[in-house]
Amino acid sequence: MKLITKIFFCTLLLSNAMLFSQDNEEEAEEPTFRKKSKFQTGFYVGSLFANKYSASTYNGYGFDREGNRNTFINSYMHQKIVNEYGGGYGQYDYIADAIGVDQRQWTFNESDMPFNMRYVPAIIVGFNFKAPINGSSAFIFNVNAAKLGVEGNFTITKTGPTNPNPAANNNILNFPIKGSEQRLLFEMGFQKLLGEEEGKLNFFIEAGFVGTLAKYDRNMIYINNLQIDLTYYVNQAIYPAPVPGRKPVGFGVGAFAGLGANVNINPKFTLQLLYTPSYEKINIGTNPTLKLQNAIGLRVYYNLVAVKEKAETSKID
């Protein structure tokens, strides 16, 4: 991404320098003609609405060396809540302090594991490139990136003495679990302007293939003021349980489409408002499969403009 950024900004600086130099020259007597380059660079920013199917990767079970989901006993949450922070191995019970009960006056079992795991809308940004074929058609190549947040809930049940007033009893406590995931999308496809070629305003459609590189980033649970990092176990060499694992990383191939409005602001800049549905395979977790993702965003193309001057007519002596 750093290399792409440097190339993009160097291209902009070089193009602006050339255009500034030409603007300072004396105007020719004959009119000039401007012609769009065959290559356009652009920037994209939008909102990504991810399908919740792969959000279960962050449900606190974790994965073993072979990439299989852990059992409840070997899960990251059982190890952290019950064994490490909950008084296991004869240690102090920090969970009891966090929920305001006496030592070991609570339970956590498999029925308390996280539920309703989902992604929250995320910002997606990237560099987009376009190679026109003619006035209405072009090949496109996009590199977009996003960091997604994941949210869900889990429970802990208090087992201490109950209040004589049943209305005051609230033994099942809910707490949040959160995660984050990095995605890098590579899109290659075809774009078609609809209606009059090179108009001020056109609608357009596009379609192609998408490759999605996804990486499990972080997983945290929050028990009131107690914050527990579940990803401590990832890439650790020695600890009692569960079995050491690696952060899941995977690459999947799918397809994307797009439709929107194309606005030619001036010879240098083109603005596109677009909606992009895609079938992507988020290749982390268990049983990855193609699922629908959605994004809406704004794309700005910078048109490299070549200026050609019409030759002056010969003077007659």
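The structure we're discussing is the one just above.
All figures in this text were calculated on a predicted structure; none of them were measured in a lab.

J.: Mind showing me how you'd approach the packing of aromatic side chains here?
T.: Two numbers describe a pair of aromatic rings. These are the distance of the centres and the angle of the planes. Considering all chains together, one arrives at 11 aromatic pairs under this definition. Aromatic side chains Phe72 and Phe108 sit 5.9 Å apart centroid to centroid with 40° between the ring planes, which places their arrangement in the tilted category. Taken as a pair, Phe72 in the loop between β1 (32–49) and α2 (76–84) and Phe108 in the loop between β2 (106–107) and β3 (115–120) lie far apart in primary sequence, 36 residues in all. Exposure remark for Phe108: the relative accessible area of 8% places this residue in the buried category. Arranged with centres 6.4 Å apart and planes meeting at 70°, the rings of Tyr85 and Tyr94 form a pair that is edge-to-face.

J.: Explanation requested: α2 in the structure shown.
T.: Each α-helix turn comprises 3.6 residues. Residues three or four places apart therefore point the same way. Counting buried residues in α2 gives eight out of nine residues, a clear majority hidden from the surface. Along α2, the residues that are buried comprise Tyr76, Met77, His78, Gln79, Lys80, Ile81, Val82 and Asn83. The inward-facing, buried residues of α2 contact α3 (94–99), β2, β5 (137–158), β6 (172–194), β7 (201–223) and β8 (226–229).

J.: Would you mind showing me how to read empty space enclosed by the protein here?
T.: To find the voids left in a structure, one rolls a probe of water-molecule size over its atoms. Taken as a whole and judged by the stated rule, the model has three cavities of 30 Å³ or more. If you add up the space inside the largest cavity, you get close to 120 Å³. In this structure, the largest cavity is lined by 15 residues; those nearest its centre are Ile124, Asn144, Glu187, Thr276 and Ala295. Elements supplying a minimum of two residues to the lining of the largest cavity: β1, β4 (122–132), β5, β6, β10 (269–281) and β11 (290–309). Element by element, the count of residues in the lining of the largest cavity is highest for β10, at four residues. Here the lining of the largest cavity is built from residues that sort into six nonpolar, five polar and four charged. When its volume is computed, the second largest cavity comes out at roughly 50 Å³.

J.: I would appreciate a short explanation of the pattern of salt bridges in the present structure.
T.: Side chains bearing opposite charge may pair, as long as their charged atoms lie close to each other. One pass over the structure, following the stated rule, counts five salt bridges. The shortest N-O distance in the salt bridge between Arg118 and Glu151 comes to 3.6 Å. Within this pair, whereas Arg118 is found in strand β3, its partner Glu151 is found in strand β5, the two being separated by 33 residues in sequence. On the basis of relative accessibility, which here comes to 30%, the residue Arg118 falls in the partly exposed class. Accessibility expressed as a relative area gives 29% for Glu151, which makes it partly exposed. The partner of Glu181 in a salt bridge is Arg183, and the shortest N-O contact between them spans 2.7 Å.

J.: What am I meant to see in the environment of Trp106 here?
T.: Mapping Trp106 onto the fold places it in strand β2. Note on Trp106: relative accessible area 4%, which makes it buried. Placed 66 residues apart in sequence, Trp106 and Ile172 show a C-alpha to C-alpha distance of 9.6 Å.

Cut-offs and rules
Residues numbered from 1 in each chain as written. Predicted model: local features only at pLDDT ≥ 70, side-chain atom pairs only at ≥ 80, totals over all residues. Heavy atoms only, no water. Phe/Tyr/Trp six-rings, centres within 6.5 Å; stacked < 30°, edge-to-face > 60°. Helix = DSSP H or I, 4+ residues; strand = E, 2+ residues; numbered from the N terminus. Buried < 20%, exposed > 50% of the residue type's maximum accessible area, 1.4 Å probe, protein only. Contact = heavy atoms within 4.5 Å. 1 Å grid on protein atoms, 1.4 Å probe; cavity = no way out; pocket = protein on both sides within 12 Å on 5 of 7 lines; lining within 4 Å. Points joined across faces, edges and corners; volume = space filled by probe spheres on them. Nonpolar A, V, L, I, M, F, W, Y, C, P; charged D, E, K, R; others polar. Salt bridge = Lys/Arg side-chain N within 4 Å of Asp/Glu carboxyl O.

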